[in-house]
Amino acid sequence: MGKTWANCGNAHARLPSSFIVLHQPITFGPFRLDPRAGLTRGRRAVRLTPKAFSLLCVLAGERGRVVGKEELFRAVWRGAVVGDTALVTCVQELRRALGDKAGRPRYIETLHRRGYRFIAEPAAAPAAAAPPASALSVAPVFVGRPRELDEIEAAFEAARDGKRQVVLVAGEAGIGKTTLVRAFLSRAAARAPVLAWGQSAEHYGAAEPYHPLLDALSRCCRTQEGAALLAALEAHAPLWLAQMPSLVSPSRLRAVQRRVAGATPQRMQREITEALEAAAAERPLALWLEDLHWADAPTIDWLAAFARRPEAARVLVIGTYRPVEARAGRHALYTLGDELARQGGSRTLTLGPLAAEAVGQYMRTCFPPRPGEEQRISDLALEVHRRTEGSPLFMVGVLGELVNRGVLRGDEAGWSLANETDRAGLGIPVFLRQLIERQIDRLAAPALRVLEAASLAGLRFDAAIVAAALERPIAEVEQICADTARDHGLIVEAGRAEWPDGTLASRFSFVHALYREALAASLPAARGAQLHRRIGERLAEGSRGRAEEVAAQVAMHLERGGDLAGAVTWLRRAGDAAQRRTAMREAAAYFEHALGLVARLPPARSRDGLEVELRLALCAPLIAAHGMGSERVEACAKQALAACSAIGDRDGRFAAHRIVWNNSLMRDPAPTALAHARELMQEARAVRRDVELALAHRALGCSLIYAGEHAEAARLLARGAAIADRVADGEFERFAEQPGMVCRAFGAWPTAFMGLADEAVRLSDESVAHARRRDDPHGLAFALVTVGLVDLFNRDARRADAVAREVQVLSEQHHFAQWIAFAHEIRGWVAFQAGEHEGGIRLMQHALERLHATGARTHSSRVLANLAESCLVACRIAEARRYLEAAFAHREAHGEHYYAPELYRLRALVLRAEGAPEPAARASLREAVTIARRQGARLFEERAALALARQLGVHSR
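Predicted model only: the values in this text are computed from it and were never measured.

## Here we look at the confidence of the model for the protein
Link 1 in the chain: Looking at the protein as a whole, the pLDDT averages 83, with 88% of positions reaching at least 70.
Link 2 in the chain: The low-confidence segment residues 421-431 (pLDDT under 50) makes 28 contacts with residues lying over four places distant or belonging to another chain.

What follows is the structure in structure tokens.
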């Protein structure tokens, strides 16, 4: 016999809406069938295997109706793959136990090719009459949270007075967070606040930045009450408006997009904060963000920044989240509560279980007892509280189950309990999932198919997505969802959605995540993959010009649908979009996941090409997040280089080799990096394209700086800048660098060393201006660091301090590990010059530690030299000696020569401080002058010569 999939998604495999699983005992012939106590004949128990007993209960519950094989497979074997033999064996077991015969059946009839029918005449009614339709759902009622409700009320009143407020409502799934907030909003409605409600979604890989905020703004601005908010966005937050194109006309959208140059977290945080403050000037604004345990890090960062802001604002932000999920995911939200506790306008409310009194109040409100039933209803409330431990979700589910089973009955006179209620067998489930599965079992086959597909689409879903997954008309799916929301309460209507391609559809939401999870888990693998694939394809098709917004979702669905190549394509889009938003860690996560999928593709040249493309794309966010010298960057770049060499990809090889050189520049001895740079120049000259030539000049020029060949370095960097100026910026996008800006920034170094201070400042300022025009936070941080170090070389503490502060703010916002280290170095040097000796030295020490933590070793001689000089001035001679010896050792091992003149000058100063003979100090100064002249480093030559003249007692002329 062939195998049959239970729960396979076909109409024949679904239970009709009238399907009844036996709940009450029945008597037929000499037998008594009790779904809890088993099958008995007189006082003797009749032994049955569990599957046979379940089959008998199903057939008895459907007495008189032919039950098909597929229905029985689903009801009894629930998701397992079994053959027809299993069903036949169970039927034969039942017939033996009942003394029944297939040819002349008294209890179980076989209908060829149709199924089985229970034909016994019962001696007692099988079950209590069904309750009226109005009794099948339990109305949502707010009970048991007076203190928490008063807390939110107080926060709202403070917000109305202009004192910004943040209230976090914490609690586990089903504890009543949403009910509490809705109760507050109901009470606050008379005071006419503007409400913006958004919800975080469980995400795939890295989360979409600012998702719940965008969700709230988009929804609110489509309402009449949201007009002021929309106007505030247009005036103060064009960057946000540009990400919600459906709110404005195409012409207005183009105008808005011209106003924005890029999406940096700093700018986005400032814009939305100012927009909310402006929108709330006339009417207070309540911003409700649900499920923050799934929120992206930028949203949490904004929430913390909003709470810290001292300016007046008539805004109340309410956030709900689950602490267990926040802890498990090490979410930034988990530590936010402590930070907010220190803010005057912030508080966290943690919800616990309901008290027995609150459950009793709920029962009296929802189930007002009939006369004479008051005590029994009160006793039931105590029992429900004991069994559910005060969980609102359990409580509502248990009571609904009792109503559906007829244990709790209602009519116009009130509610009462069935006479034969067994307290030990109230039907209260041990696990909530068991309860949910029983609720799902009551769905008609069409509704079940719709909700199964919806469960794969998300906690909130559009009817258009589900219709595409099932290949059914949208209107049909909308109607089924509306009926299911009304009759079963598993989902609720959540507005309407308009797709970029013009599709209009109703939106729905599962009332709890566990409903969605149970439905998704019930789907067989093959059916689930088919639905995922269709959902992904429909999302991709309907996104049109807004593909970046759904790229991660499309990738997830395609991957789960088995379309790995398609998933890789959309993961690449998601990574590129995250990188453009400077969400570097998110971008890296997308690219790394895509690489994992590529490894699962069939071996082919195209797969090799995908690997090269993704590894090169991955290097840029890794550099931003971990530093150019990190081991992760080295491994990724070398793997890309090897893959390019294997498939003969010359263009890819140059790009990969350039990253290998850049990594080598930061961590390897200088001769190694210089050798890579010379190879790059050979490759670029062979290609003879300006893009590669500009990048090769940048590489060789920078490498020569560390080797101490300043004149040649300056020439090459100037040439590289000139070549880059001939090329459009977009040509360099795949290299994640603009060599024109970099050549000017690094060109300022040898220019300063050669004593051309004004020219060095000009080059520095040009590089920063170039970076600002491109609105590239990582490039700007790089340019500012190189400028700050030029100021340090020139000993311009005022300029260096301003630059370093900007670098630190920028780097902390975007988590640029390498640039934070350099910012600390410059700020430490500035602080020391200002007389803060201890603090300055500590900052420089910390800078060296952070630099080494990124994997970088280059620049160590300079930082060590500055530490030595600072300790010398602070009369910490022994420390100065240790730092200076470490600097010399690094120069010897690393071949880093550009700071050598300074090392010899400082050695002379240390020798004099230690009381060494004068000739030793003079010899060191003469060596400093000699090296500086050989390098063309007039800046260092003059310093060493001046020190030598002073030691010889000769005044400088």
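Additional details are given in the paragraphs that follow.
## Looking at the packing of aromatic side chains
Link 1 in the chain: Under the definition given, this model contains 27 aromatic pairs.
Link 2 in the chain: Note on phenylalanine 28 and tyrosine 107: the rings are 5.3 Å apart at their centroids and 70° apart in plane angle, and the pair reads as edge-to-face. Linking phenylalanine 28 in strand β2 (residues 26-28) with tyrosine 107 in the loop between α3 (84-98) and β7 (108-111), this pair joins segments that are 79 residues apart in sequence.
Link 3 in the chain: Of the residues examined, phenylalanine 28 reaches a relative accessible area of 0% and is grouped as buried.

## Overview of the side chain of glutamate 634
Link 1 in the chain: Here glutamate 634 lies in helix α27 (residues 631-647).
Link 2 in the chain: Using a relative accessible area of 19% as the deciding quantity, one classes glutamate 634 as buried.
Link 3 in the chain: Those residues in contact with glutamate 634, other than ones at most four positions away along the chain, are Asn663 and Arg667.

## A few points about the pairing of strand β12 (residues 315-321)
Link 1 in the chain: In terms of residue burial, β12 counts as a mostly covered element, since 7 of its 7 residues are buried.
Link 2 in the chain: Since strand β11 (residues 285-290) and β12 lie parallel, the crossover through helix α11 (residues 297-308) that links them has a hand, and here it is right-handed.

## Here's the deal with the packing of helix α18 (residues 445-457) against helix α19 (residues 463-470)
How two helices pack is summed up by the angle between their axes together with the distance between the axes.
Link 1 in the chain: Where α18 meets α19, the axes come as close as 9 Å, and the angle between the chain directions of the two elements is 115°. Considered as vectors, α18 and α19 are oriented roughly perpendicular to each other. Seen from above, α18 lies across α19 with right-handed handedness. Of the residues in α19, those touching α18 at Arg449, Val450, Ala453, Ala454 and Ala457 are Ile465, Val466, Ala469 and Leu470.
Link 2 in the chain: A class-by-class count of the residues in the contact of α18 with α19 yields 8 nonpolar, no polar and 1 charged.

Basis of the calculations
Within every chain, residues take consecutive numbers counted from 1 along the sequence as written. For a predicted model such as this one, the threshold for reporting local features is a pLDDT of at least 70, and the threshold for listing and counting side-chain atom pairs is 80 or more; totals across whole chains, interfaces and linings nevertheless cover every residue. Side-chain numbers here rest on the full set of heavy atoms in the structure, without hydrogens or water. What pLDDT expresses is the predictor's confidence in each residue, scored from 0 to 100. Contacts are assigned to residue pairs that have any heavy atoms within 4.5 Å of one another. For Phe, Tyr and Trp, rings pair up if their centres lie within 6.5 Å, where Trp contributes its six-membered ring, and each pair is then called stacked (planes under 30 degrees apart), edge-to-face (over 60) or tilted (otherwise). Labels follow the DSSP assignment, with helices taken as runs of H or I lasting at least four residues and strands as runs of E lasting at least two, numbered in each case from the N terminus. When accessible area is computed with a 1.4 Å probe and restricted to protein chains, residues below 20% of their type maximum are described as buried, those above 50% as exposed, and intermediate ones as partly exposed. By convention, a crossover is right-handed whenever its connection, traced from the first strand over the helix to the second and viewed with the strands pointing away, goes clockwise. Only the stretch in contact is used when a helix axis is fitted, and all axes are lines through C-alpha atoms; the angle between N-to-C directions ranges over 0 to 180 degrees. With respect to orientation, any angle under 35 degrees is reported as roughly parallel, any angle over 145 as roughly antiparallel, any angle of 65 to 115 as roughly perpendicular, and every other angle as oblique. For any helix crossing, the convention is left-handed if the near helix is rotated counterclockwise from the far helix by under a right angle, and right-handed if that rotation is clockwise. Ten residues, namely Ala, Val, Leu, Ile, Met, Phe, Trp, Tyr, Cys and Pro, are considered nonpolar, four, namely Asp, Glu, Lys and Arg, are considered charged, and the remaining ones, Gly among them, are considered polar.

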